[in-house]
Amino acid sequence: MTKINKILLLMFGIVLLVVASCQKDYNYSIPPAPPKAPPKVSDSSTTLEAYFTNTPPNTINAAYWKTANYLQVNSTTIIKNLLYGDGLLNMTGTYNGSTDFNRGGNPKLSIKAAYDNTNLYILAEWYDSTVNPSQASWLYEGDYDPLKPTEVSTGWTSQRNSDKLALAFEIANASSPAGNFSSVGCQACCHGSGNSAIMSPTSGTVDIWNWNLATSSPLGLMHDLVSTSAGLVNDAGTPIATRNVAGSTDRSGPAYEWNGTDQTVTSPAIAGGKTSLLDPAFYLMNKTPMVGSAVNGRAVYSSQGCNTCHGDNGEGGSGGGPINTMSQNKKSRSAYKAAMDNVPDMSDYWGPLSASDQDDVVTYLRGLSGVPGYVLNSSASGSTTDISVVTNVTPSNISNAMFVSTNHHSKYQVLIIRKLKTNNADDIQFDLTASKIYNFGVALMDNDGKNHVGSAKEILTFK
Ligand code: HEC
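Overview of the structure.

Cut-offs and rules
- Residues numbered from 1 in each chain as written.
- Predicted model: local features only at pLDDT ≥ 70, side-chain atom pairs only at ≥ 80, totals over all residues.
- Heavy atoms only, no water.
- Near = heavy atom within 4 Å.
- Polar contact = N/O pair within 3.5 Å; in protein donor to acceptor, adjacent residues only side chain to side chain.
- 1 Å grid on protein atoms, 1.4 Å probe; cavity = no way out; pocket = protein on both sides within 12 Å on 5 of 7 lines; lining within 4 Å.
- Sits in = over half its atoms within 2 Å of the grid points.
- Helix = DSSP H or I, 4+ residues; strand = E, 2+ residues; numbered from the N terminus.
- Nonpolar A, V, L, I, M, F, W, Y, C, P; charged D, E, K, R; others polar.
- Expected span 1.5 Å × (residues − 1).
- Buried < 20%, exposed > 50% of the residue type's maximum accessible area, 1.4 Å probe, protein only.
- Contact = heavy atoms within 4.5 Å.
- Donors = N, O, S within 2.8 Å, 3.2 Å for Na, K, Ca; no water.
- Tetrahedral: all angles 85-135°; square planar, octahedral: opposite > 155°, others 65-115°.
- Pairing = 2+ DSSP bridges.
- Core = buried A, V, L, I, M, F, W, Y, C linked by side-chain atoms within 4.5 Å.
- Axes fitted to C-alpha atoms, helices over the stretch in contact; angles between N-to-C directions.
- Parallel < 35°, antiparallel > 145°, perpendicular 65-115°, else oblique.
- Arc of directions from axis to C-beta.
- Phe/Tyr/Trp six-rings, centres within 6.5 Å; stacked < 30°, edge-to-face > 60°.

## Description of the site of the ligand
Taken together, the neighbourhood of the ligand is formed by 21 residues, with Cys 306, Cys 309, His 310, Gly 321 and Met 346 sitting nearest. Backbone polar atom of Gly 321 to an oxygen atom of the ligand: 2.7 Å apart, as the coordinates give it. Here an oxygen atom of the ligand and a side-chain polar atom of Lys 331 are 2.8 Å apart. With respect to the detected pockets, the ligand is housed in the second largest pocket. With four residues, helix H5 (residues 306-310) is the largest single contributor of residues to the shell around the ligand. Grouping the constituent residues of the shell around the ligand by class yields 12 nonpolar, seven polar and two charged.

Written out as structure tokens, the structure is:
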């Protein structure tokens, strides 16, 4: 090879190298920007900012939350003036929207977020000074509902409602007559008007996360639901709560009562794995079929003169105290009977009753206190159990929060934990390589499950 040829070959080689490296550069995709460090001082932000952290902020008091930025939600009435169907009475505490929620007080909903390699964390805090932990409890001859003047409240009816927080995320192309999710948020899964309004997009799919103080929170979970044109249903799996009903309507009465066994629940490991006892005054998990007839129990209560001391509806009188309180549910059926056996003043009234009349009376008395409307399932599983929660109102402190004083409770703190990617078809996936921005809607309910306040569209940004 001549010297010139060698030089040419060398130059050719260099050109090849440059071209190759150019091409390499050309094909090279820009690596995603590393996550930003969390803020050092808490400040308000216009979107819900999730910062990366290596230490899972899975407690309400975790250091992360003290300096995290917060989205202050301007809550307004999202939907109002809705009523439940027949037999469901006094369950619409947010009937007039914002003027009813927290008795008209601003909920001042504030939300913070974080993520680590596995999970998304969302901490929501809002003011609601009354704790409502029941849903569709069974009352016998309960109050009539002034908002439903044509409906009688004789016999069994379903009453009382819970406090709730709901989030909506778009899974795929959701739209309704109101518009697309990207423009109108969760209004994209709301259509129909008046009482026929339903949580259902005309097309597409929406993920609904619903924290419910009666039916999900005691288990350390949030209901995981999916809304499509077919309606709103639980995600796949074994549901965390089922209706406690002895028939097919909301006047059929309860199927079950507490069986007297401690109701031990353990929250999901990521939510602390704490074990606590569900208070049977509010919650039903360990169950036995409800025996006895409230109709006959009611008749015996009057004919036997129980009302002369305890009042016509168990409200209490000069001869005996109130026996219509929720705390009466803390007794199993046998303990309930034994307690009455032990009151000397009552031996002439209670003692002579036949065993079946006694059972009927206990069933009637359960209907005065209110039998939990749902049975909780501690062995729920599947996609419906994807979302864990930690709250400041727990199964262990609920009666304090409710009864010690109305000021004892001022605001809810609910920390939501979910995998970034569940890989379930009925869930939104937070795939940060595909997008760092997600639209969502947020709703609050006070003693209600239909009418709500909140904000139809907010934005979650992964930083
Ligand atoms: C002469 C008055 C009197 C009559 C009649 C009477 N009770 Fe009582 N009852 C009492 C008193 C007194 C107590 C004990 C403390 C309290 O609740 O005031 C009591 C307690 C109870 C308790 C609470 C037990 C506990 O320890 O939790 C129940 C439930 C109850 N009565 C049901 C009945 C029923 C049902 C009848 C009718 C079969 C009845 N009582 C008739 C006076 C009466």
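## Observations concerning helix H7 (residues 355-369)
The end-to-end C-alpha separation of H7 is 21 Å, in line with the 21 Å expected for 15 residues at 1.5 Å each. Of the positions making up H7, those classed as buried are Gln 358, Asp 359, Asp 360, Val 361, Val 362, Thr 363, Tyr 364, Leu 365, Arg 366, Gly 367, Leu 368 and Ser 369. Close packing links the buried residues of H7 with strand S8 (137-140), strand S9 (156-159), strand S18 (256-258), helix H4 (294-303) and helix H6 (333-341). Gly 370 lies just past H7 and shows a positive phi near 105°.

## Comments concerning the coordination of the iron atom of the ligand
Taken together, His 310 (NE2) and Met 346 (SD) make up the full set of protein donors to the iron atom of the ligand, lying 2.0 to 2.2 Å away. Around the iron atom of the ligand sit six donor atoms; with metal-centred angles ranging over 82 to 178°, the donor geometry is octahedral. Of this pair, His 310 sits in helix H5 while Met 346 is found in the loop between H6 and H7, placing the two residues 36 residues apart along the sequence. Of the two residues, His 310 and Met 346, both sit in the buried class.

## Some remarks on the pairing of strand S23 (residues 388-391)
A two-sided burial pattern is seen for S23, the buried positions comprising Ser 388 and Val 390 on one face and Val 389 and Thr 391 on the other. Across four bridges, S23 lies against strand S24 (residues 411-419) in antiparallel orientation. Along S24, the bridge assignment pairs Val 389 with Ile 416.

## Examining the nonpolar core
The biggest cluster of nonpolar side chains holds 53 residues, and the ones touching the most others in it are Ile 122, Trp 126, Trp 209, Ile 416, Phe 430 and Leu 460. What Ile 122 contacts, discounting residues up to four positions off in sequence, is Leu 48, Trp 65, Ile 111, Lys 112, Ala 113, Leu 167, Phe 169, Trp 209, Val 414, Leu 415 and Ile 416. The next biggest cluster of nonpolar side chains, apart from the first, holds 20 residues, and it includes Trp 138, Tyr 140, Trp 156 and Val 300.

## Concerning the sheet that holds S9
In space, the three strands of this open sheet follow the order S5-S9-S8, with mixed pairing throughout. Of all strands in the sheet, those with a lone pairing partner are strand S5 (88-89) and S8, marking the two edges. When S5 meets S9, the two strands line up parallel, connected through two bridges. Paired with Leu 88 across the bridge in S9 is Ser 158. Along the sheet, H7 contacts S8 and S9; its crossing angle with S8, the most-contacted strand, is approximately 115°.

## Notes on the packing of H6 against H7
In a pair of packed helices, the angle between the axes and the distance between the axes together describe the arrangement. Where H6 meets H7, the axes come as close as 11 Å, and the angle between the chain directions of the two elements is 105°. Relative to H7, the element H6 is oriented roughly perpendicular. For the pair H6 and H7, contact is made by Arg 333, Tyr 336, Lys 337 and Met 340 and by Gln 358, Asp 359, Val 362, Thr 363, Leu 365 and Arg 366, respectively. Here the contact of H6 with H7 is composed, by residue class, of four nonpolar, two polar and four charged.

## Looking at H4
Within H4, burial applies to Ala 294, Gly 297, Arg 298, Val 300 and Tyr 301. The buried residues of H4 occupy one face: seen down the axis, they fall within an arc of 165°. Across from the buried face of H4, at angles greater than 90 degrees, the exposed residues are Val 295 and Ser 303. Contacts made by the buried residues of H4 are with S8, S9, H5 and H7. The N-terminus of H4 is capped by Ser 293, whose side-chain oxygen sits 3.3 Å from the backbone nitrogen of Val 295. Phi turns positive one or two residues past the end of H4, at Gly 305, with a value near 80°.

## Observations regarding the environment of Lys 274
Relative to the assigned elements, Lys 274 resides in the loop between strand S19 (264-266) and strand S20 (275-277). On the basis of relative accessibility, which here comes to 58%, the residue Lys 274 falls in the exposed class. Setting aside residues no more than four positions away along its own chain, Lys 274 makes contact with Val 265, Thr 266 and Ser 267.

## Brief notes about the packing of aromatic side chains
Scanning the model with the defined rule gives 17 aromatic pairs in all. On the basis of an interplanar angle of 75° and a centroid distance of 5.5 Å, the ring pair of Phe 52 and Tyr 115 is categorised as edge-to-face. With Phe 52 in strand S2 (residues 48-52) and Tyr 115 in strand S6 (residues 110-115), this residue pair connects regions lying 63 residues apart in the sequence. Pairing Phe 169 with Phe 430 gives two aromatic rings, centres 5.4 Å apart and planes at 85°, and the pair type is edge-to-face. Placement of the pair is Phe 169 in strand S10 (residues 164-176) and Phe 430 in the loop between S24 and strand S25 (437-445), with a sequence separation of 261 residues. In this pair, the class of Phe 169 matches that of Phe 430, namely buried.

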